[in-house]
Amino acid sequence: MPAQSVADLRFIYPELVLAGAIFAILFFDLAGRGDRSRGCATIALAGLVGAGVLAARDFLLCRGAHPAIEPHAIFSGLLAFDPFAAGMKVFFAMACALIVVFSIPTEEAGGGSAKGRGAGEFYGLFLCIVLGLYLMAGARNLLMLYLSLELVSVISFVMAGFRTEDHKSGEAALKYVIFGGASSGVMLYGMSWLFGATGSLDLGEIAAALATTDSKAAVFVGVLGVLAGFGYKISAVPFHMWAPDVYEGAPTAITAFLSVGPKAAGFAMMLRFFTQALGANAEVVPLDLPWPLVGGILAAVTMTVGNLTALGQNNVKRMLAYSSVAHAGYILMGFSVFDDLGMRSMLFYITVYCFMNLGAFLVVMAVAERTGSERIEAFRGLGRRAPLLAAAMAIFLFSLTGLPPMAGFIGKFYLFVALLEKGGTGYALLAVIGALNSVVALFYYARVLKAMYLRNAAEPEAEGPVPVRPLYGATLAALVVPTVVLGLYWMPVFALVGESLNFAR
Amino acid sequence: MIRSIPLVLALSLSSALAWADGPPRIEVVGKAPVKIKAGGTAAFRLANTGGARLEISEIRVRTSEAMPAPAGFSVVQDEGLLEPLEPGQKRTVSVAFRPSGPHRAKQLFGHVEILSNDPAHRRIAVGVVTSKGSLLGDHMLSCITFVPLAGVLAIFLLFLVKRSSDRLCQIIAYVTTAISLALSIWLVIQYDPGFGRADGNAGMQFIEHSVWVAGFNIEYFLGVDGISVTMVLLTAIISFVGVIVSTSVTRQVPGYYAMYLLLVTGMFGVFVSLDFFLFYVFWEVMLLPMYFLIGIWGGPRKEYAAIKFFLYTLAGSVLMLLALILLYYNSEPTYLVDGRAAQHTFSMVEMMLNSYDQLGLTVAGVSMTRLCWVFLFIGFAIKVPMFPFHTWLPDAHVEAPTAISVILAGVLLKMGTYGMMRINFAILPEATQWAASAMAVFGVINIIYGAFCAMAQEDLKKLVAYSSVSHMGFCLLGLSALTPQGMNGAVLQMFNHGTITAMLFTLVGVVYDRAHTREIGKFGGLASEMPLYTAFVGLAFMASLGLPGLSGFISEALVFLGSFPVWPVATIIAITGVIITAAYHLWALQRVFLGKFNESWRKSHALEATGGKFPEMNLRELASLAPLAAIVIVLGFYPLPILNLIGTGLEDLRQMVVSADHAAVARAGSSALDLLAAGPR
Amino acid sequence: MLDVGLTHYLTVAAILFGFGFLTLMTRRNAVGILLGVELILNAAGLNFVAFSHYVTGGVAGQVFTVFIIILAASEAAIGLAVVLQVYKHYRTIDAGMVSRLRQ
């Protein structure tokens, strides 16, 4: 056993690199002199880039029909070494590297103080979360699922409350702790019932046991509990209550991260859990449990609640929080179709959503940096005061609505295609609900557009240019390009996503 | 019977043994589609890359009654063409193109189908294309569509280097729209009006066809037929006139022209695309610039008008998207342009060949074709605009700047009816026949309701907006009749209304630029102040109400001629609508231009610059109006050019709807005189 | 004497879960809410131990429970640190009063 675990070390190079980077940051923070924030950020970026490259190498090694290394379980079935995990790891590396770049100038990451105070903790903790995300992507054992989820959650509590002098940050952290703790408790309770009904913690063995068991109620209770935990991570209704307060109160770089990283990881875990353990995409679903119905109802409710509540928001961060709840609903639409196209469309949407959502939050950060406010009023007249920034925001908002020729349209298109190809009244109804929700979403995205471009004689003019720091400008350009390009030429990414749908048995 | 069993077993066993090394596999070597010169041949090679002998049963040009191959394509019957191919063997197949006369279309596309015993690819196709155009001629439609986009990029680059002066951006806009206009006129001249479905290419000309996203069977497919080419011409004319009218825009000018040119690209793209996905992309691309154009450069309530326009149109578009996906997934397998097999297709031309109705699918108990038809119809009806989805139009028109109103009324409204024809009528003909009566009713409601609303308006621009609603009702009525006269009248009305209403909005803009108000009650006796202006307004109003001798009359008359045999009651009500139309036009004319001049204008603030007098139209305004007026007058006496242009394409379309039987392809006499002389259906 | 079997453990765990959930929902004191979370976590742990002993044999469940204890401790530590931070700003740990974020 120990020998096997040691031998398996060569399959977790990305995680090892991340761990090394964490230690490097801690030591550098202790031993370094002067402004340590730049150094810590560089080490964090290097760690992420290294982890991403190694994960890409893993993806190339185990993908395709005749891979160099067959996808298999490592560490006695705790983690999986397969294209799905590797693909998600590359995605996380990319998204989190962008977050690190966002947070370089911010106060909480040491940008403000002379000695870069707080940078070591910030980046160290952030890389711990990324390590947790990596483990979430590969987890195929209930214990590992729980541990990695908790790693991400608990440290997210800390990061949400990172701004100790800001009361909003503290409040956000408190709400997050309460809700997160409760959800993981419920998830754990559900897992215990699942363990009892199937006798194993391993997803593959659970699947085998489910095929023969007949304690339907226990399994149903168990899965509902686990679903509560997943639902909290992806901010699905009714487990989304934490999202608006946490998104608004946390530092914006962390909010941007929360809207993309843990959400994508939650979806990845859901996919693995439902297809591996429950065999939800099999021809005959074990125990005849109505997962598509549950998924569909969840999707419809999440979309609608998210969009309708966003209509009344005046704080752009809060509005984007509700909008990301709605987007979780769209992704759940793909989830409710348990076939290959459904899962592909989910993952593709998560990828394009990452770009456009991070872009929108970055614009909020840039505006807040100069005007000190995150409300819609701060965006007034941005079309003239910072034309390129406003144009980038317009592109991101149009992409979030789902208008061609942006990537967001292609993502939504594939989701609708997955629904309508499956056929049936329920799915058609869900598609119509999804379509109408897109129209509702336009309404609140357009409020930002209106503030930026459409001058209203009644409202007071905001004057003064809004200069954008070059770092933000470059990152914005790096985010706008995929948003537009993927709207015109998306097949390579879609093909990669399809290849990654290969789970280790 | 029983005795044959051992024989069958033996045969299957032997053939199984024969395939012991793997089944035969047919592959095409070389680039596709294969290019042929007129009068010459081209070749492609077939290879057997499998393990067993490949037997070829047929190699022929793909043709069917519903979509005949272009005349002149043929497979050269070499010796041993259909001999079996051993594993690893290759064979060259030659395709010849020998047109009987000078072939009219610039490009002709086709496929060569090969039937074999390859179990996985029983029937494959190789694309063939012949082209006689130059590089420009081959890509005329792309040039027309994307030259304005190049203008947008130019403005953006100039903005980045901070050289984007107002004057320069205006010049860029002039140049790009003028280029598109020149190319469109060239297109119309080169267009062959007699080319129909029977001549191949499904009756489309100036085709550009290549694969865009192979994994999803989306192609970059552009082409025009009679209806489209008329609309392209209209768009080009109106865009150019719009730039002339745009001088009233004074702030944030580079952004204005950038959005304007983006809008022009979207409009052209909608009219020329023949791939449904591409059509949808161009359709949506129009929304963004319109929102900004109305919302930034508009009147007092511009945000409200802009968001209302955006929401209405987006709601229609998402319904269109759902219908599009449903139609895609139920389309029959066909080939992409280079011969790749496609399980489903987005190509409108191929979709027209599928009979969706015979699939008999239902969604939630409702027939799928009817549901799709209704979804698509709602999406297009919002654009037309059809009662009760028309409420965005008065607000959008009133608040938009003059040039944008011109484009909105001149071109954007036509996209609704164009979409109905190209998609609803052509792809879902049975559902069209089912819904024709409802369309007629809505058309009549549009006419009457629009006319009454116009009569009640005090704002001159709003009056013209409601008159647009009314006139589009004529199009709907004509289309729903499904007779040659009716449909020709409807398309002609689309073109005429485009020019007439562009004139009307430009004229309203003229007086608004001077007086800064559009209230009818405030004016009076303007004829004495601005006689030339009054003459133009008189002309435009008379054309709008359908005075014989001006273009409006011909189209309305054709619509009535066409719809009376089918919907007599509706036509009679519509004709009474003409009386109301005349009433409000003349009444407005009288209140604004005739009578005593309102002396309070002499001391008004708005006319201070000109000393209390209304200045006559200047050269620029005249330049924007003169071409439109000329078209209106000429087409009033001689509508033949446009009717000829529309003729064949529309008749092919009509036949598809009326017979609902895609195998029947007929070409009625395409001369407009024939149509006018011919009786009902 | 009662024959203590699996169902008894499960019932106790379910009762603990119920109490924990009720505490979570009804209490306003932040520390009290964290107590509720602890109760839920312990209920799950009890479940795991019971199933591990009576149903599966082996030690998988017990190992899981040890992990739960560790994680509950770390979560409690973080939770209390956050409560301290909130107290610094709001001077109260009543969760209902800590709501300046909602507009």
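If you're wondering where the values come from, they're calculated on a predicted model, not measured in any experiment. (Residues numbered from 1 in each chain as written. Chains lettered and ligands numbered in written order. Predicted model: local features only at pLDDT ≥ 70, side-chain atom pairs only at ≥ 80, totals over all residues. Heavy atoms only, no water.)

Colleague: Hey, could you go over the overall build of chain B for me, with residue numbers and the actual values?
Modeller: A tally of regular secondary structure across chain B gives 23 helices and 14 strands. Its C-alpha radius of gyration of 28 Å places chain B within 12% of the 26 Å reference for a compact globule of 681 residues. Considered along the principal axes of its C-alpha atoms, chain B spans approximately 110 × 65 × 50 Å. Expressed as a percentage of the 681 residues in chain B, the buried residues total 63%. Sequence separation of at least 24 residues holds for 77% of the intrachain contacts in chain B that already meet a minimum separation of 6. Summing over all exposed atoms, chain B offers an accessible surface of approximately 23,900 Å²; the carbon and sulfur share of this is 65%. (Helix = DSSP H or I, 4+ residues; strand = E, 2+ residues; numbered from the N terminus. Rg over C-alpha atoms; globule rule 2.2 N^0.38 Å. Buried < 20%, exposed > 50% of the residue type's maximum accessible area, 1.4 Å probe, protein only. Contact = heavy atoms within 4.5 Å. Areas by Shrake-Rupley, 256 points an atom, 1.4 Å probe, with all protein chains shown as cover.)

Colleague: Can you lay out the environment of threonine 334 of chain B for me, pointing to particular residues and giving the numbers?
Modeller: All names here are of chain B. Locating threonine 334 in the fold gives a position in strand E11 (residues 334–335). The buried category is assigned to threonine 334, whose relative accessible area is 6%. The spatial distance from the C-alpha of threonine 334 to the C-alpha of leucine 460 is 53 Å, given a sequence separation of 126 residues. With sequence-adjacent residues up to four places away left out, threonine 334 is seen in contact with Arg62, Arg340, Ala341, Ala342, Thr345 and Glu350. Within the structure, the side chain of threonine 334 is placed 3.2 Å from the side chain of arginine 62, a separation counted as a polar contact. (Polar contact = N/O pair within 3.5 Å; in protein donor to acceptor, adjacent residues only side chain to side chain.)

Colleague: Tell me what's going on with the packing of aromatic side chains, and back it up with residues and numbers.
Modeller: With the rule as written, the count across this model stands at 63 aromatic pairs over all chains. Aromatic pair tyrosine 176 of chain A and tryptophan 242 of chain A: ring centres 4.9 Å apart, planes at 10 degrees, arrangement stacked. Of the two residues, tyrosine 176 of chain A is situated in helix H7 (residues 167–198) and tryptophan 242 of chain A in helix H10 (residues 242–249); the sequence distance between them amounts to 66 residues. On the accessibility criterion, tryptophan 242 of chain A (4% relative accessible area) is buried. The ring of tryptophan 283 of chain B has lysine 383 of chain B lying over it, and the distance from NZ or CZ to the ring centre is 5.3 Å. Over the face of the ring belonging to tryptophan 587 of chain B we find arginine 591 of chain B, whose NZ or CZ atom lies 4.1 Å from the ring centre. (Phe/Tyr/Trp six-rings, centres within 6.5 Å; stacked < 30°, edge-to-face > 60°. Lys NZ or Arg CZ within 6 Å of the ring centre and 35° of its normal.)

Colleague: Describe the layout of surface pockets, naming the residues involved and giving the relevant values.
Modeller: Picture a little ball the size of a water molecule; that probe, rolled over the atoms, points out where space is still empty. What the largest pocket holds in volume is close to 1,800 Å³. In terms of lining, the largest pocket is formed by 46 residues, of which the most central are Ala391 and Ile395 of chain A together with Val152, Phe156 and Met259 of chain B. Of all the elements in the fold, those that place two or more residues in the lining of the largest pocket are helix H15 (382–385), helix H16 (387–401) and helix H19 (470–488) of chain A together with helix H3 (140–160), helix H6 (253–272), helix H7 (276–285) and helix H8 (287–297) of chain B. Taken together, the residues of the lining of the largest pocket sort by class into 40 nonpolar, five polar and one charged. Estimates place the volume of the second largest pocket at around 680 Å³. In this structure, the second largest pocket is lined by 25 residues; those nearest its centre are Ile178, Phe179, Ala182 and Met241 of chain A together with Met25 of chain C. Of all the secondary-structure elements, those providing two or more residues to the lining of the second largest pocket are H7, helix H9 (216–234) and H10 of chain A together with helix H1 (6–26) of chain C. Sorting elements by how many residues they give to the lining of the second largest pocket places H7 of chain A first, with seven residues. (1 Å grid on protein atoms, 1.4 Å probe; cavity = no way out; pocket = protein on both sides within 12 Å on 5 of 7 lines; lining within 4 Å. Points joined across faces, edges and corners; volume = space filled by probe spheres on them. Nonpolar A, V, L, I, M, F, W, Y, C, P; charged D, E, K, R; others polar.)

Colleague: Break down the packing of helix H8 (residues 203–212) of chain A against helix H11 (residues 252–277) of chain A for me, with residues and values.
Modeller: Residues and elements named next belong to chain A. H11 packs onto H8 with a crossing angle of 40 degrees between their chain directions and a minimal axis gap of 8 Å. For the element pair H8 / H11, the angle class is oblique. Where H8 approaches H11, its residues Leu203, Ile206, Ala207 and Leu210 are matched on the opposing element by Arg272, Phe273, Gln276 and Ala277. Looking at side-chain class alone, the contact of H8 with H11 contains six nonpolar, one polar and one charged residues. (Axes fitted to C-alpha atoms, helices over the stretch in contact; angles between N-to-C directions. Parallel < 35°, antiparallel > 145°, perpendicular 65-115°, else oblique.)

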